[in-house]
Amino acid sequence: MTAPLRSSEPVVVNVALGARAYDIVIGRGLLPSLGARIAALRPNVRAAIVTDSTVAKHYLDMVEAALGEAGIGAVRVVVPEGEKSKSFRMFERVCESLIAERIERGDVVVALGGGVVGDLAGFAAAVVRRGLDVVQVPTTLLAQVDSSVGGKTGINSQHGKNLIGAFHQPILVIADTALLDTLPEREFRSGYAEVVKYGLIGDAAFFTWLEANWREVFSGGAAREHAIAVSCRAKAGTVARDERETGERALLNFGHTFGHALETATGFSERLLHGEAVALGMALAFSFSARRGLLPAAEAEADRVARHLAAVGLPNHLSSIPGELPAADRLMDLMAQDKKVKRGKLALILTRGIGASFVAPDVDQAEVKAFLAEKLSER
């Protein structure tokens, strides 16, 4: 775990799902090989590249060229940048574009972008003509370590994040770390929250490594690729064991129940990016776990996590969110819409320490509400 990869060596992580297994290929400068890799899996296909307006400026021509060199004809579908594209309106637009361009069963959708594009394009691929193959080409750190892997696709509802969607595994994920060079610093930090998550839920040694090496992860090179590979291996193993989130995979939602409620409360806006919401959610989960007496060294563990989040520039307190926030009652309403609520009972991912998370299936909602009210009063 502690020996970083050499930048010149692409790493292949397999997601072992039997006949639907696929590879995550991680390395620098992989984009030119995209067409050849797709052609090897699906000869004689056409492709529809779904991307957003910002990513298109940087990489769309390069992707079209890579596909063309492999003899793959491509059409383009470009949506606006940002979380608001995960909507019914944009979903309809992407689906209708794929149909209008006569993308057929046996063809492939290439999702070129961050988590928004990956979720939107993947969901469209899941339902158009009852299922098209999708290749994920994540262009953000968050997407490379999390949303591009595992087959979760979807759009947002007015009631909450990712409430409409489908499981639809890709046939290939290409994580070209060179694409992160154009990522704004705030977006990179946001993605780093999901990297930290893997250490917090089940790999204390990785979290310790991140504490020592996060600057090198941010600056690029071997440490960055190592962090991405460790994260992808962790997620791939979890997905292979629990594809449909009936048990262990729920741990990957650590921090997300709190975080998604905060994202919804702030209108899926620039006020709070997804990874920032996850960082806050993880800090809240540690604080709530400490409050319940679950941590052996309550303050020390929770403070250690909060210190690391602060060191890298991620929020760790509700006061970090600009503007007003709703009261605890409203946040509880939003948490009640979370996908992890079962028969009205709130399940939270809590922790007994760094690397020791677990699913608490029936948390007292009054206790959570009191906790949130206290945290809101401290803003």
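That block above? That's the structure.
Our focus in this paragraph is the overall build of the protein. When helices and strands are counted, the protein shows 13 helices and 11 strands. Partitioning the contacts of the protein with sequence separation of at least 6, the portion at a separation of at least 24 is 76%. Accessible surface, the protein: about 14,900 Å² in total, of which carbon and sulfur atoms supply 50%.

The next point concerns the sheet that holds strand S1 (residues 11-15). Sheet architecture is open: seven strands sit in the order S1-S2-S9-S6-S5-S3-S4, paired in mixed fashion. Because the sheet does not close on itself, it has two edges, and the strands there are S1 and strand S4 (74-79). Between one strand and the next, the sheet's axes are offset by a mean angle of 15°, whatever the strand orientation. In the sheet, strand S6 (residues 133-138) pairs with strand S9 (residues 172-176) via two bridges, with the strands oriented parallel. Bridging from a neighbouring strand, Val135 pairs with Leu172 of S9. Sitting on the sheet, helix H1 (residues 34-41) touches strand S2 (22-27), strand S5 (108-113), S6 and S9, and the angle it makes with S9 is about 165°. Against the sheet, helix H4 (residues 115-127) touches strand S3 (47-52), S4, S5 and S6, its axis set at about 165° to S5.

Here the focus is the nonpolar core. One finds Tyr192 and Val368 to be the most contacted residues of the largest nonpolar core, which totals 82 residues. It is helix H10 (residues 274-291) that contributes the most residues to this core, 11 residues altogether. Leave out the neighbours within four places in its chain, and Val368 touches Phe258, Phe288, Met332, Met335, Leu346, Leu348 and Val363. Ile49, Val55, Val63 and Val137 belong to the second largest nonpolar core, which has 25 residues in total.

Once that is clear, we can look at the pairing of strand S10 (residues 348-351). On a regular strand, one side chain projects to one face of the sheet and the next to the other, so that they alternate. Going residue by residue along S10, you find Leu348 and Leu350 tucked away on one face and Ile349 and Thr351 tucked away on the opposite face as well. As judged from the four bridges shared by S10 and strand S11 (residues 357-360), these two strands associate in the antiparallel manner. For Leu348, the partnering residue across the bridge sits in S11 and is Ala360. Between S10 and S11, which pair antiparallel in sequence order, lie five residues; one of them, Gly353, sits at a positive phi of approximately 145°.

Let's shift gears to the side chain of Ser148. Here Ser148 shows up in the loop between helix H5 (141-147) and strand S7 (152-157). Here the side chain of Ser148 touches Ala143 through a polar contact of 2.7 Å, landing on its backbone oxygen. When neighbours within four sequence positions are excluded, Ser148 is seen to be in contact with Gln136, Pro138, Ala143, Pro170 and Val173.

Turning our attention to the pairing of S9. Counting buried positions along S9 gives five out of five residues, so the element sits mostly inside the fold. With burial as the criterion, each face of S9 is covered, one bearing Leu172, Ile174 and Asp176 and the other bearing Val173 and Ala175. Relative to S9, S2 runs parallel, the two being bridged by five bridges. Residue pairing for S9: Ile24 is matched across the bridge by Val173.

Tallying each qualifying case throughout the model produces 23 salt bridges. In this structure, the salt-bridge partner of Asp181 is Arg28, at a minimum N-O distance of 2.4 Å. Taken together, the residues Asp181 in the loop between S9 and helix H6 (185-202) and Arg28 in the loop between S2 and H1 connect sequence positions 153 residues apart. Looking at Asp181, the relative accessible area reads 45%, which means it is partly exposed. Residue Lys375 pairs with Glu378 through a salt bridge whose shortest N-O separation is 3.9 Å. Put simply, Glu83, Lys86, Asp119, Lys161 and Glu263 are held in one network by salt bridges that share partners.

This part is about the packing of aromatic side chains. Under the counting rule described, the total for this entry stands at eight aromatic pairs. Through a chain of ring-to-ring contacts, the aromatic side chains of Phe188, Tyr192, Trp214 and Phe218 assemble into a single cluster. Over the ring of Tyr198 we find Lys197; its NZ or CZ atom is 4.9 Å from the centre of that ring. Residue placement shows Arg352 over the ring face of Phe358; its charged tip is 3.8 Å from the ring centre.

Across the 10 residues of helix H9 (residues 256-265), nine count as buried, placing the element largely inside the fold. Buried within H9 we find His256, Thr257, Phe258, Gly259, His260, Ala261, Leu262, Glu263 and Thr264. Close packing links the buried residues of H9 with strand S8 (160-167), H6, H10, helix H12 (328-336), S10 and helix H13 (365-377). One or two residues past the end of H9 sits Gly267, with phi positive at roughly 70°.

This part takes up the layout of surface pockets. Estimated volume of the second largest pocket: approximately 260 Å³. Where the lining of the second largest pocket is concerned, the elements lending two or more residues are H10 and helix H11 (298-312). By residue number, the principal contributor to the lining of the second largest pocket is H10, which donates five residues. The residue inventory of the lining of the second largest pocket, partitioned by class, reads seven nonpolar, three polar and three charged.

The rules behind the values
- Residues numbered from 1 in each chain as written.
- Predicted model: local features only at pLDDT ≥ 70, side-chain atom pairs only at ≥ 80, totals over all residues.
- Heavy atoms only, no water.
- Helix = DSSP H or I, 4+ residues; strand = E, 2+ residues; numbered from the N terminus.
- Contact = heavy atoms within 4.5 Å.
- Areas by Shrake-Rupley, 256 points an atom, 1.4 Å probe, with all protein chains shown as cover.
- Pairing = 2+ DSSP bridges.
- Axes fitted to C-alpha atoms, helices over the stretch in contact; angles between N-to-C directions.
- Core = buried A, V, L, I, M, F, W, Y, C linked by side-chain atoms within 4.5 Å.
- Buried < 20%, exposed > 50% of the residue type's maximum accessible area, 1.4 Å probe, protein only.
- Polar contact = N/O pair within 3.5 Å; in protein donor to acceptor, adjacent residues only side chain to side chain.
- Salt bridge = Lys/Arg side-chain N within 4 Å of Asp/Glu carboxyl O.
- Phe/Tyr/Trp six-rings, centres within 6.5 Å; stacked < 30°, edge-to-face > 60°.
- Lys NZ or Arg CZ within 6 Å of the ring centre and 35° of its normal.
- 1 Å grid on protein atoms, 1.4 Å probe; cavity = no way out; pocket = protein on both sides within 12 Å on 5 of 7 lines; lining within 4 Å.
- Points joined across faces, edges and corners; volume = space filled by probe spheres on them.
- Nonpolar A, V, L, I, M, F, W, Y, C, P; charged D, E, K, R; others polar.

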